[in-house]
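Chain by chain, the residues run as shown.
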Amino acid sequence: MNDFANNSPAPHFDATGIQRRARRKRAGLIAGVAAAVAVAGGGTALAAITTGSPNTSSTAAASSTDATTVMISGKKIDMTGWDSGSAKAALVQVGLKLGTVTEKAVPDCKPTSVLGVSPHSPHSVSPGDTVNLTICIR
């Protein structure tokens, strides 16, 4: 009964092939995640472009505070660094009404730049709603 012990051949492992398949899977996963990020960032950039935004990069929209972001129909319009004229035009373009424009003196800010909007993100507004602006004066 012990005649066949230690006589079985060792299994063959294709280590190079296993590594290659693992790399392909990893590369496919990374490509999928990169595509998802590009689609999400691309949507943000397209929304900014259609509203006449001076911020056309998705990183600028993602890094700003909500105090200068208007959310209409699930889309965010980031007004960080916009001048008051561009902000007013963008609000009218998307069907919002301009409410009160408050001027606030803040050191080290660009005159007539948007400091805040009300209501701001995460609160959503509908077309026809009124949005108030706070702009910088020196």
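Q: Would you mind going over the overall build of the protein chain with me for this structure?
A: Check the secondary structure of the protein chain and you find three helices and six strands. Sequence-ordered secondary structure for the protein chain, helices as α and strands as β, is α-α-β-β-α-β-β-β-β. Put simply, the protein chain has 138 residues, and 24% of those count as buried. Summarising the internal contacts of the protein chain: among those between residues at least 6 apart in sequence, 65% fall at separations of at least 24.

Q: Looking at this model, I keep getting lost on the sheet that holds strand 1 (residues 69-72). Mind explaining?
A: The strands making up a sheet associate through backbone hydrogen bonding, with each pair oriented either parallel or antiparallel. Read from one edge of the open sheet, three strands run 2-1-5, paired in mixed fashion. One side of each edge strand has no neighbouring strand; the edge strands of this open sheet are strand 2 (75-78) and strand 5 (124-125). Examined bridge by bridge, strand 1 and strand 2 share four bridges and lie antiparallel to one another. Across the sheet, the residue bridging to I72 is K75, located in strand 2.

Q: Even after reading the chapter, I still don't get helix 3 (residues 84-93), so can you show me in this structure?
A: In an α-helix, one full turn covers 3.6 residues, which means residues spaced three or four apart are oriented alike. Where helix 3 is concerned, the buried positions are S84, A87, A90 and L91. Looking straight down helix 3, one finds its buried side chains confined to an arc of 130 degrees; they lie on one side. Taken together, the buried residues of helix 3 touch strand 1, strand 3 (97-105), strand 4 (114-118) and strand 6 (130-137). Note on helix 3: the residue one or two positions beyond its end, G95, has a positive phi of about 90 degrees.

Parameters at a glance
- Residues numbered from 1 in each chain as written.
- Predicted model: local features only at pLDDT ≥ 70, side-chain atom pairs only at ≥ 80, totals over all residues.
- Heavy atoms only, no water.
- Helix = DSSP H or I, 4+ residues; strand = E, 2+ residues; numbered from the N terminus.
- Buried < 20%, exposed > 50% of the residue type's maximum accessible area, 1.4 Å probe, protein only.
- Contact = heavy atoms within 4.5 Å.
- Pairing = 2+ DSSP bridges.
- Arc of directions from axis to C-beta.

Any functional reading would require information beyond the geometric quantities listed.
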